[in-house]
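Spelled out from the first residue to the last, the chains are:
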Amino acid sequence: MRITSPGDGVQLSRAPQFLLASLRGRLEVWVAVLVILTAAGFMLSRGVGFSIGLMTLFTLWGMLAISLNLVLGYTGLLSVGHIGFYGIGAYTVAVLTTNPRREFLGDEVIQIFAWPFFAALPVAVLLTGVIALFVGLVFSRFRDDLYVLASFGFAIISLNVFVNWQWVTRGPFGIHEIPKPAIGGFVFNDDLEFLALALFFLAVVAIIAWLIVTSSFGRVLKAVREDEDAVEVFGYRASHYKLAVWVISAMMAALAGAVFASYTSFVDPHSFILLESIILVAIVILGGLASIPGALLGALSFVLLEEGIRFIPLLPPEHVGQARQIILGVLLILLMLFRPQGVAGRFKL
């Protein structure tokens, strides 16, 4: 470029600043491309079977991340008890679909049913919605820090129910031999077939979330996040909107739990501990608050981290879990310092 005037020199000196600002504005695009390419390369290097399993895990975390983002990202309600609804959905499907027999656990006799998956699924989702309604009515009395503590309490209570309600959940022993979904005579036994079903459910959750956030209902949720008192002044009952999105979000989490139970064919309380809920919050923050693509990006990034770290050379297998948590914690600290709204988020936590 030839400088013909002082103005050209000023523009040239500012060019790096404009370029840097442009790159920052498209950070979510670059990160998304990087994560997708990394995922594609990683899956190709590990084989088809591993890739299908990784993508199935992504669908489960993706549904959970989208559901929590409706509450945390769009409404500003920091909940760490979402894993409880995930567990309720999983256990409901596990109890209703397992082959009919009486299993003895000490002096307890457990009756297990044999419903088809697609008959048990709406029961799991609706039951979770009813529980979420009652829990949400209690939570509506709290705000900010007290709301977080109340959701923490719900997560602890849920875990204790899963552990101690043994005549329903079998406690620490868990429920085994949960059958795969079936339509007529077709059973989703094959991993690729199950992945297709899981992707369908993920698409359903994403579409419902998109319809919510792009509607007038979604605009009120965003307003509640910014200033709940101002929303009340304009005649909107903020508590009603928060309760509605809370119930919808819980039902989405229950759907993910139902798919999880059928995928693993086994559920036990260890899958629904508080740490899993904290990881879910971290995924939403990592991907970006108030962004459906950001929730999916965060879920994909976490699955890559969770599975990829096992293949780091010289890392002992017994230290994989600790290394995973350290790396995720460092990522969150860096995000809070340099991009508190997350990679593709619109609001700061």
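In this report, we go over the structure that sits alongside the text.

## Focus on the packing of aromatic side chains
Using the criterion set out here, one finds 19 aromatic pairs in the structure. Plain terms: the ring middles of Phe260 and Phe272 are 6.1 Å apart, the flat faces sit at 85° to each other, and that makes the pair edge-to-face. Highlighted residues: Phe260 in helix H11 (residues 238-264) and Phe272 in the loop between H11 and helix H12 (274-287), separated in sequence by 12 residues. Taking the relative accessible area as the measure of exposure, Phe260 reaches 13% and is therefore buried. Of the residues examined, Phe272 reaches a relative accessible area of 1% and is grouped as buried. Above the plane of the ring of Phe194 lies Lys180, whose end atom (NZ or CZ) is 5.0 Å from the centre.

## Description of the nonpolar core
Trp61, Met63, Trp246 and Val267 are the most contacted members of the largest nonpolar core, which has 94 residues in total. Once residues lying within four places of it in the same chain are set aside, the contact partners of Trp246 are Val71, Ser79, Phe85, Ala132, Val135, Gly136, Phe139 and Tyr147.

## Let's talk about helix H8 (residues 191-213)
The end-to-end C-alpha distance of H8, which contains 23 residues, comes to 33 Å, matching closely the 33 Å that a straight helix rising 1.5 Å per residue would cover. Here H8 has its buried residues at Phe194, Leu195, Leu197, Ala198, Phe201, Leu202, Val205, Ala206, Ala209, Ile212 and Val213. Tucked inside the fold, the buried residues of H8 contact helix H3 (48-72), helix H5 (117-139), helix H9 (216-226), H11 and helix H13 (292-308). Taking the backbone nitrogen of Leu192 as reference, a side-chain oxygen 2.9 Å away marks Asp190 as the first, capping residue of H8.

## Overview of the side chain of Ser277
With respect to the element layout, Ser277 can be found in helix H12. In this view, Ser277 contacts Val80, Gly81, His82 and Ile83; residues no more than four positions away in its chain are not counted.

## Examining the pattern of salt bridges
Under the definition given, this model contains three salt bridges. Glu228 is paired through a salt bridge with Arg143; the nearest N and O atoms lie 3.2 Å apart. Here the residue Glu228 occupies a position in helix H10 (residues 228-233), and Arg143 occupies one in the loop between H5 and helix H6 (144-164), the gap between them amounting to 85 residues. Glu228 sits in the buried class, given a relative accessible area of 14%. Lys242 serves as the salt-bridge partner of Glu228, at 3.2 Å between the closest nitrogen and oxygen. With Glu228 in helix H10 and Lys242 in helix H11, the pair connects residues that are 14 residues apart, well separated along the chain. Lys242 shares its class with Glu228; the two are buried. What you see here is one network of salt bridges that share partners, running through Arg143, Glu228, Asp229 and Lys242.

What counts and what doesn't
For every chain, the first residue of the written sequence is number 1, and numbering continues from 1 onward in sequence order. Given that this is a predicted model, residues contribute local features only at a pLDDT of at least 70 and side-chain atom pairs are listed and counted only at 80 or more, while totals for whole chains, interfaces and linings are drawn from all residues. Calculated side-chain values reflect all of the structure's heavy atoms, with hydrogen atoms and water omitted. Pairing of aromatic side chains here covers Phe, Tyr and the six-membered ring of Trp, requires ring centres within 6.5 Å, and sorts the geometry by plane angle: under 30 degrees stacked, over 60 edge-to-face, intermediate tilted. Only runs of H or I of at least four residues qualify as helices and only runs of E of at least two qualify as strands under DSSP, and these elements are numbered from the N terminus. Buried residues are those whose accessible area, probed at 1.4 Å on protein chains only, stays under 20% of the maximum for their type, while exposed residues exceed 50% and partly exposed ones sit between those limits. Cation placement over rings: the criterion is NZ of Lys or CZ of Arg within 6 Å of the ring centroid and within 35° of the ring normal. Joining through side-chain atoms within 4.5 Å is the link that ties buried Ala, Val, Leu, Ile, Met, Phe, Trp, Tyr and Cys residues into a set, and such a set is a nonpolar core. Only heavy atoms enter the contact rule, under which two residues are in contact if any of them lie within 4.5 Å. In this analysis, the expected span of each helix is defined as 1.5 Å times one less than the number of residues it contains. We call two N or O atoms a polar contact when they sit within 3.5 Å, provided that within protein one can donate a hydrogen and the other can accept it, with sequence-adjacent residues counted only if both atoms are side-chain atoms. Here, a salt bridge means any Lys or Arg side-chain nitrogen found within 4 Å of an Asp or Glu carboxyl oxygen.

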